[in-house]
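Architecture at a glance
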Amino acid sequence: MIERIWSGSSLLYLLLLPLSWLYGLVSGLIRLSYRLGWRKSWRAPVPVVVVGNLTAGGNGKTPTVIWLVEQLQQRGYRVGVVSRGYGGKSAVYPLVLDAQTTTRQAGDEPVLIYQRTAAPVAVSPKRTQAVQALLAQHDLDLVITDDGLQHYALQRDVELVVIDGVRRFGNGWWLPAGPMRERADRLRSVDACITNGGVAQPGEIAMKLQARDAVNIATGERLPAAQLPQAVAMAGIGHPPRFFATLEKLGVNVVQEVAFADHQDYSAEQLQALTAPGQTLLMTEKDAVKCRAFAQDNWWYLPVDAVFPAEQAASLLQRIESHLKK
């Protein structure tokens, strides 16, 4: 229902407009208070790159963060990552991740970034504290924040906005009548717009998510996803239909699609009940990081990589590097 409202295909959004106006007023006042100096923001001693979005729901921020970290690491830079840690609950904040940190403590996306990149990662509802904790333990050249475009307490040197190229901005209204955290004119002040899928508009950087071979969670075996036997596909991400569409393009024999809420926590019994004998359970990598401790032999995940046109990728990285050389 919420997708139909946000997409503009339902007029029920009219009932929610008063709440949206209130949301827009409050968020605008918060931003204005930082611009006028009524609230204090903190500047880190190293450059900060924000990868955020204007809309609620999954747009592809985390794959973009992973791509940036890996590209900058290949260039010899020491990169740290901070996140709010949504979906996790730690006894203390800020929390600097290590090999024993669970998704229940830090959230699924920070653990995924940590496992994929081996970069230092810290989480805290106050991202300033997360950056400070990272810098206290690591000698870094820059910090990337996964989400946080609207977290103005932390000053930033580069702002990147990831846009869902298919859904774009829906009906254009603020939450809850629409998907917007800020209005689309905010794009005029960011450094780059990255469009995930669909058709990139003039001035936007085109990005697509490219699937690798499927990986068995329990054994680490790799296999082209199309070679898996009957698959029950599950996704607990911001926009599950994107994952299911990817599997269809790959020619995976999907017998059932199961969508969970974003950042859904799972139990072994819950997931074991999804498959019948002879079937495989195929999930996103973001889901898999929450299942490693109790994974079954027929559970697989599909890793994806962000892919950019070479010229646009080089230009984006040069823009970030220009702040590192000051």
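Looking at an unreviewed UniProt entry, the chain carries the name Tetraacyldisaccharide 4'-kinase, with the source organism given as Serratia rubidaea. Taken verbatim from the UniProt record of the chain, the Pathway (unreviewed entry) comment is "Glycolipid biosynthesis; lipid IV(A) biosynthesis; lipid IV(A) from (3R)-3-hydroxytetradecanoyl-[acyl-carrier-protein] and UDP-N-acetyl-alpha-D-glucosamine: step 6/6." Listed in UniProt under the heading Sequence similarities (unreviewed entry), the comment for the chain reads: "Belongs to the LpxK family."

**Quick look at the packing of helix H3 (residues 61-74) against helix H10 (residues 310-324)**
Working note: a packed helix pair is described by the angle between its axes plus the distance between those axes. Closest axis-to-axis distance for the H3/H10 pair is 11 Å, and the angle between their directions is 75°. If you check the angle between H3 and H10, you find them roughly perpendicular. For the pair H3 and H10, the contacting residues are Trp67, Leu68, Gln71 and Leu72 in the first and Ala313, Leu316, Leu317 and Ile320 in the second. Taken together, the residues of the contact of H3 with H10 break down into 7 nonpolar, 1 polar and no charged.

**Quick word on the sheet that holds strand E1 (residues 48-52)**
Spatial strand order, E3-E4-E2-E5-E1-E6-E7-E8-E15: 9 strands in an open sheet with mixed pairing. For this open sheet the edge positions go to strand E3 (95-96) and strand E15 (304-307), each flanked by a neighbour on one side alone. Bridge count for strand E6 (residues 158-164) against strand E7 (residues 192-196) is 5 bridges, and the pairing is parallel. Bridge pairing in E7 places Asp164 opposite Asn196. Along the sheet, H3 contacts E1, strand E2 (79-83), strand E5 (142-146), E6, E7, strand E8 (205-211) and E15; its crossing angle with E5, the most-contacted strand, is approximately 165°. Across the sheet, helix H5 (residues 108-117) touches E2, strand E4 (121-123), E5 and E15, and the angle it forms with E4 is around 170°.

Scoring rules and cut-offs
- Residues numbered from 1 in each chain as written.
- Predicted model: local features only at pLDDT ≥ 70, side-chain atom pairs only at ≥ 80, totals over all residues.
- Heavy atoms only, no water.
- UniProt positions renumbered as here; feature names shortened; annotations may be inferred.
- Axes fitted to C-alpha atoms, helices over the stretch in contact; angles between N-to-C directions.
- Helix = DSSP H or I, 4+ residues; strand = E, 2+ residues; numbered from the N terminus.
- Parallel < 35°, antiparallel > 145°, perpendicular 65-115°, else oblique.
- Contact = heavy atoms within 4.5 Å.
- Nonpolar A, V, L, I, M, F, W, Y, C, P; charged D, E, K, R; others polar.
- Pairing = 2+ DSSP bridges.

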